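Remarks on the overall topology
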Amino acid sequence: MIGALAIILGYQLVGEVSSRALNLPLPGPVVGLCLLVACCLARPALADRLRPVTQGLLAHLSLFFVPAGVGIVAHMDLLREEGLGLVVAIAGSTVLAIGAGALAFTTVARLTGSTAPEDEKPDV
Amino acid sequence: MSDPAMIWSYLTQGPLLWLTATLVAYLIGDAAFRRTGRQSWANPVLIAVLILAALLWVTRTDYQTYFEGAQFVHFMLGPATVALALPLFDNLPRVKKAALPMLAGLLVGSGVAVVSVILIARGFGIGHEVLASLAPKSTTAPVAIGIAERIGGRPTLTAALVLLTGIFGAIIATPLLNALHIRDWRARGFSVGVAAHGIGTARAFQVNETAGAFAGIGMGLNAVLTAIIAPLALRFLGG
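Just so you know, these numbers come straight off a predicted model, no measurement behind them.

The next thing to look at is the overall build of chain B. Across its full length, chain B holds 13 helices and zero strands. Each helix and strand of chain B, ordered N terminal to C terminal, gives the series α-α-α-α-α-α-α-α-α-α-α-α-α. Computed over C-alpha atoms, the radius of gyration of chain B comes to 19 Å, within 12% of the 18 Å expected from 2.2 N^0.38 for 239 residues, which places it in the range of a compact globule. Within the span of chain B, comprising 239 residues, buried residues form 56% of the whole.

Laid out in structure tokens, this is it:
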């Protein structure tokens with residue numbers, strides 16, 4: 001487990017350094033993600049080694065957003081002043097973006113014939 | 001018997017108290033989420049944030065002090081982002097097959113997210129600095145902060161708006177996509193990742209592994225595209 005964690009941190013470290021050194025628009029962890037996919041393609045055994053730890057991390061992905069989320073308390077003044085506008089803008093824009101994005105995806109999937117198999121679909 | 005004030009002052013010196021509080025608040029949020037049958041409105045992040053905000057208020061603790069303890073949890077965002085490589089690798093054949101639908105979903109979802117938030121906020125008379133903090137709200141926090149700084153926004157405000165967007169997106173996604181009759185896990189996950197970054201991705205993983213993998217890809221791609229779109233949209237629409 002510690003070995004797998006060290007490997008993951010190593011990819012993040014290389015990602016951070018190359019993001020800064022090369023002035024990439026991507027943040028370090030995203031560069032690390034891309035590098036790790038490339039290395040898994042070259043050596044699939046690496047994926048099997050890391051999988052137990054990555055599954056553990058991703059099962060609690062929500063937890064890692066909590067400290068930044070509590071930061072909302074530092075902006076209560078602005079939220080009180082412009083609260084209605086901010087809430088309507090965020091809520092409206094998020095609904096429009098999810099809906100439009102999903103419809104664009106399914107429309108093009110239908111046009112290009114790359115639809116998902118029936119057994120993989122949710123019951124809605 | 002020691003003075004309780006002494007013990008309290010010891011606790012406020014180190015990370016132990018707020019690190020523990022963060023984990024316990026999350027466990028309560030997660031338990032509530034499971035107890036309600038994984039209803040999307042019982043979002044674990046939202047519940048944990050509300051509990052901790054109330055605790056900080058009651059104990060008159062400022063956010064700086066809290067974050068000194070909670071930063072260990074915050075740090076794990078980086079390794080967790082790297083860990084998204086595994087579901088992406090596992091789903092690579094499906095991802096290659098869906099390249100064109102993903103491109104369409106990315107361009108439309110990202111464009112609508114940036115343009116609509118600027119237009120709606122302007123309609124409410126919100127000023128330029130807050131608009132610049134709002135424009136990258138659909139991207140993952142570290143990227144959004146970088147974009148906001150470049151276009152004249154406030155970094156910490158951006159982080160808060162990004163979080164609100166993620167929590168709202170995670171809560172609204174399931175009922176919204178059901179109402180639209182979107183029955184493709186790939187489209188459901190991808191659109192949520194594009195519009196509601198990591199918190200939307202976390203929600204997608206709670207529901208379905210394929211949706212989670214596509215959400216992670218949507219989040220990553222949108223981080224790049226918003227870095228290009230947000231400055232342009234703000235220049236033409238930001239007044």
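Before going further, it helps to examine helix H2 (residues 16–35) of chain B. Given a rise of 1.5 Å per residue, 20 residues ought to cover 28 Å, and the 28 Å separating the end C-alpha atoms of H2 of chain B matches this to within 8%. Among all positions of H2 of chain B, only Trp18, Ala21, Thr22, Ala25, Tyr26, Gly29 and Phe33 of chain B are buried. Down the axis of H2 of chain B, the buried side of the element spans an arc of 130°, and every buried residue falls inside it. Seen from the open side of H2 of chain B, the exposed residues pointing more than 90 degrees away from its buried face are Leu16, Thr20 and Arg35 of chain B. Contacts from the buried residues of H2 of chain B go to helix H4 (66–70) of chain A together with helix H3 (44–58) and helix H4 (63–75) of chain B. Directly after H2 of chain B, the chain includes glycine 37 of chain B, whose backbone phi takes a positive value near 70°.

Okay, the domain arrangement of chain A next. For chain A, the assigned domains are domain 1 (1–59) and domain 2 (70–124). Inter-centroid distance (C-alpha atoms) of domain 1 of chain A to domain 2 of chain A is 28 Å.

Time to look at the nonpolar core. In terms of nonpolar packing, the biggest core is built from 117 residues, with Val66 of chain A together with Ala85, Val117 and Ala135 of chain B touching the most fellow members. Among the elements that line this core, the one with the most residues is helix H11 (residues 155–179) of chain B, at 15 residues. Those residues in contact with alanine 135 of chain B that lie beyond four places of it in its chain are Val114, Val117, Ile118, Ile151, Ala230, Ala233 and Leu234 of chain B.

To continue, consider unusual backbone geometry. Residues and elements named next belong to chain B. The phi dihedral of arginine 60 falls on the positive side, at around 50°, and the residue is not glycine. Relative to the helices and strands, arginine 60 resides in the loop between H3 and H4. Not every positive phi belongs to a glycine, and histidine 181 is a case in point at roughly 60°. Its place among the elements puts histidine 181 in the loop between H11 and helix H12 (185–207).

Another point: the confidence of the model for chain B. Interpretation of the predicted coordinates at a detailed level should be avoided for regions scoring low in pLDDT. On average, residues of chain B carry a pLDDT of 90, and 99% of them reach 70 or more. Under the prediction, the complex receives an ipTM of 0.86, its pTM being 0.83.

As a further point, take the domain arrangement of chain B. Residue and element names in this part refer to chain B. Annotation of chain B at the domain level lists domain 1 (4–75) and domain 2 (82–237). Here the C-alpha centre of domain 2 lies 26 Å away from the C-alpha centre of domain 1. Contacts between the two partners involve six residues from domain 1, matched on the other side by eight residues from domain 2. Its residues assigned to classes, the side of domain 1 that touches domain 2 comprises three nonpolar, two polar and one charged.

On to the confidence of the model for chain A. Averaged over all residues, the pLDDT of chain A is 88; the fraction at 70 or higher stands at 94%. Per-element confidence in chain A is highest for helix H1 (residues 2–21) of chain A, whose mean pLDDT is 95, and lowest for H4 of chain A, whose mean pLDDT is 88.

Rules behind the numbers
- Along each chain, residue indices are assigned from 1 in the same order as the chain's sequence is written.
- Chain labels run from A onward and ligand labels from 1 onward, assigned in the order the entries are written.
- Local features are withheld for residues below a pLDDT of 70 in this predicted model, meaning they are given only at 70 or higher, and side-chain atom pairs are given and counted only at 80 or more; totals for whole chains, interfaces and linings count all residues.
- In DSSP terms, a helix is any run of H or I states spanning at least four residues, a strand is any run of E spanning at least two, and both are numbered starting from the N terminus.
- Only C-alpha atoms enter the radius of gyration; for comparison, a globular chain is expected to reach 2.2 Å times N to the power 0.38, where N is the number of residues.
- Exposed residues have 12 or fewer other C-beta atoms within 10 Å of their own C-beta, buried residues have 20 or more, and partly exposed residues fall in between, where C-beta atoms are placed from the backbone.
- What a helix should span is 1.5 Å times the count of its residues minus one.
- Directions pointing from the helix axis toward each C-beta atom define the arc.
- Here contacts are defined at the residue level, using C-beta atoms placed from the backbone and a cut-off of 7 Å between them.
- Boundaries between domains were set according to an automatic or database domain assignment.
- Working definition: the nonpolar core is a set of buried Ala, Val, Leu, Ile, Met, Phe, Trp, Tyr and Cys residues, joined through C-beta atoms within 7 Å.
- Values of pLDDT, the confidence the predictor places in each residue, fall between 0 and 100.
- Three residue categories are used. Nonpolar comprises Ala, Val, Leu, Ile, Met, Phe, Trp, Tyr, Cys and Pro, charged comprises Asp, Glu, Lys and Arg, and polar comprises the others, including Gly.

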